[in-house]
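Chain by chain, the residues run as shown.
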Amino acid sequence: MVMPQNLLEKSLGKKVKILLKDGRSMEGTLSGYDEYMNMVLEGTEEEGKEMKRRLGTVVLRGNNVVSISPQ
Amino acid sequence: MVMPQNLLEKSLGKKVKILLKDGRSMEGTLSGYDEYMNMVLEGTEEEGKEMKRRLGTVVLRGNNVVSISPQ
Amino acid sequence: MVMPQNLLEKSLGKKVKILLKDGRSMEGTLSGYDEYMNMVLEGTEEEGKEMKRRLGTVVLRGNNVVSISPQ
Amino acid sequence: MVMPQNLLEKSLGKKVKILLKDGRSMEGTLSGYDEYMNMVLEGTEEEGKEMKRRLGTVVLRGNNVVSISPQ
Amino acid sequence: MVMPQNLLEKSLGKKVKILLKDGRSMEGTLSGYDEYMNMVLEGTEEEGKEMKRRLGTVVLRGNNVVSISPQ
Amino acid sequence: MVMPQNLLEKSLGKKVKILLKDGRSMEGTLSGYDEYMNMVLEGTEEEGKEMKRRLGTVVLRGNNVVSISPQ
Amino acid sequence: MVMPQNLLEKSLGKKVKILLKDGRSMEGTLSGYDEYMNMVLEGTEEEGKEMKRRLGTVVLRGNNVVSISPQ
């Protein structure tokens, strides 16, 4: 069995795509996380319906996250 | 009685369909879960109103999940 | 007094109708539940505004449930 | 002072009207409740904007409840 | 400093106006409350956008409350 | 470092502006708060899209608050 | 690994951009935070769809925050 936290650990230093509750998504390199699934991403790009913007380094709150996919 | 966690355990390695709070659904092979019903899916496909997209391996946060159906 | 958990226990093996927060409802045979009112239903049918679909066996997350009615 | 739980206790066996978060209301005889304000109602009728339907015996999840009024 | 719970205690037996998350408001005499800010109101009137209705005695769940104003 | 609770303590007796989750704002003199950021305001005025109304003394529930700005 | 709390600590005294759940964003100098990701910002500017306003010093509740980006 692959525990959700294990998959995060294996994704450290890799690109991940995060889907948020409000429909937006963020893509960046996972450089950290904690037990609440708060995450630190580097080189993050946010993508909404008709826009794309660079956010650079970002702390993401875990409670807005729907899914995390290693790219 | 079949406890919810038992059904998840029996579904490991099998296809499951997940309905999310926002109306989307995801289908993939369940490869792990934790006590918050966070789940790891492999070969995941996300399906929205008029779209379908491949997400591959995904960590799904349990608090956005409405239901889980073994296929 | 009938405690909510007692009514669930008496409904094991019987048909129940579940109303969800988003307006959908599910009907199936209750085969299990836990202390968070997560439930396992068998032979489940989901009913939305203009559709009906078979989901078979389902784990339902308790935090999306509005009400449970033994049929 | 009347504690909220005391008013529920005094309402056992009596008709109550429950307002839910989504605007619906339910009316029935209160036959039980627990510390999370989950409730058991008998002879329940649900009332929405333009409809009324009989639900019979119902377990109501406390976290969707806005108010409870003994009738 | 006036602690929020102290103001509630001083408001016992007095008229209060409660604003709810969904925009409705309720007015009545505060006859009790608990540590979750669940409250008991007597002679309650609910006021929505274009309506007013009498609810009499009411248990209000604290988690739907935005504000409480002694009148 | 200024801890959030410290800023509240320094704002006691001063005017603060509170933004709420639903877009409304309230302005009044902060006379108390607790560990959940429930607050007591005096001389409160609520401001919505096209209205302004006086609420006087108010208990505000912390879980609806987005931000607090000392004026 | 960079823990989310560590990134906040390193951002003390620096400009950060905060995205909120309701789509608004706030920009200001981070002068404090606590374990719930409540934050204190100085010289804060709030930006909505078609407006910008100065809020000065602000306590931001952590549970409305989606992301924090050091500028």
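The paragraphs below set out a description of the structure included in this document. (Residues numbered from 1 in each chain as written. Chains lettered and ligands numbered in written order. Predicted model: local features only at pLDDT ≥ 70, side-chain atom pairs only at ≥ 80, totals over all residues. Heavy atoms only, no water.)

### Some points on the pairing of strand β3 (residues 39–47) of chain B
Looking along a regular strand, one sees side chains alternate from face to face of the sheet. All names here are of chain B. Here is the rule: Each pair of strands is called paired provided DSSP finds at least two bridges between the two strands. Numbered from the N terminus, helices here are DSSP runs of H or I no shorter than four residues, and strands are runs of E no shorter than two.
As defined by bridge partners, strand β2 (residues 25–33) adjoins β3 across seven bridges and the pair is classed as antiparallel. Across the sheet, residue M26 finds its bridge partner in β3, namely E46. The loop that links β2 with its antiparallel partner β3 comprises five residues; one of these, M37, has a positive phi angle of about 65 degrees. Adjacent in sequence and paired antiparallel, β3 and strand β4 (residues 52–60) are bridged by four residues.

### Some words on the side chain of T44 of chain F
Put simply, the rule reads: Residue contacts are defined here by distance: any two heavy atoms, one from each residue, within 4.5 Å place the two residues in contact.
Take T44 of chain F: it is sitting in strand β3 (residues 39–47). Those residues in contact with T44 of chain F that lie beyond four places of it in its chain are M26, E27, G28, R53, R54, L55, G56 and V58 of chain F.

### What about the interface of chain C and chain B?
For the record, the criterion: Throughout, the accessible surface (probe 1.4 Å) given up by two parts as they are put together, summed over both, is called the buried area. In the sections that follow, a salt bridge refers to a side-chain nitrogen of Lys or Arg positioned within 4 Å of a carboxyl oxygen of Asp or Glu. Pairs of N or O atoms are called polar contacts if they sit within 3.5 Å, as long as, within protein, a hydrogen donor faces a hydrogen acceptor (for residues adjacent in sequence, only side-chain-to-side-chain pairs).
The interface is formed by 21 residues belonging to chain C together with 20 residues belonging to chain B. Between chain C and chain B, a total of about 1,700 Å² is buried, with carbon and sulfur atoms accounting for 62% of that surface. Considering only the side of chain C, the residues that lose the most area to chain B are V59, R61 and N64 of chain C, jointly responsible for 36% of the buried surface there. Seen at the junction of chain C and chain B, the total is zero salt bridges. Summed over the shared surface of chain C and chain B, the number is six residue pairs in polar contact (both at pLDDT 80 or more). For the side of chain C that touches chain B, the secondary-structure elements that each account for two or more residues are β2 (25–33), β3 (39–47) and β4 (52–60) of chain C. Examining the composition of the side of chain C that touches chain B, we find that six residues originate from one element, β4 of chain C, more than from any other.

### Comments concerning the pattern of salt bridges
Two side chains bearing opposite charge may form a pair once their charged atoms approach each other closely. What counts here: For the exposure calls, accessible area comes from a 1.4 Å probe over protein chains only, and a residue counts as buried if that area is under 20% of its type's maximum, exposed if over 50%, partly exposed in between.
Following the criterion strictly, the structure yields 36 salt bridges over all chains and no others. A salt bridge links E46 of chain A to R53 of chain A, with the nearest nitrogen and oxygen atoms 2.8 Å apart. Here R53 of chain A falls in the partly exposed class, since its relative accessible area comes to 30%. A salt bridge links R54 of chain F to E45 of chain F; the nearest nitrogen and oxygen atoms lie 3.5 Å apart. Taken together, the salt bridges that share partners define one network made up of D22, R24, E46 and R53 of chain A.

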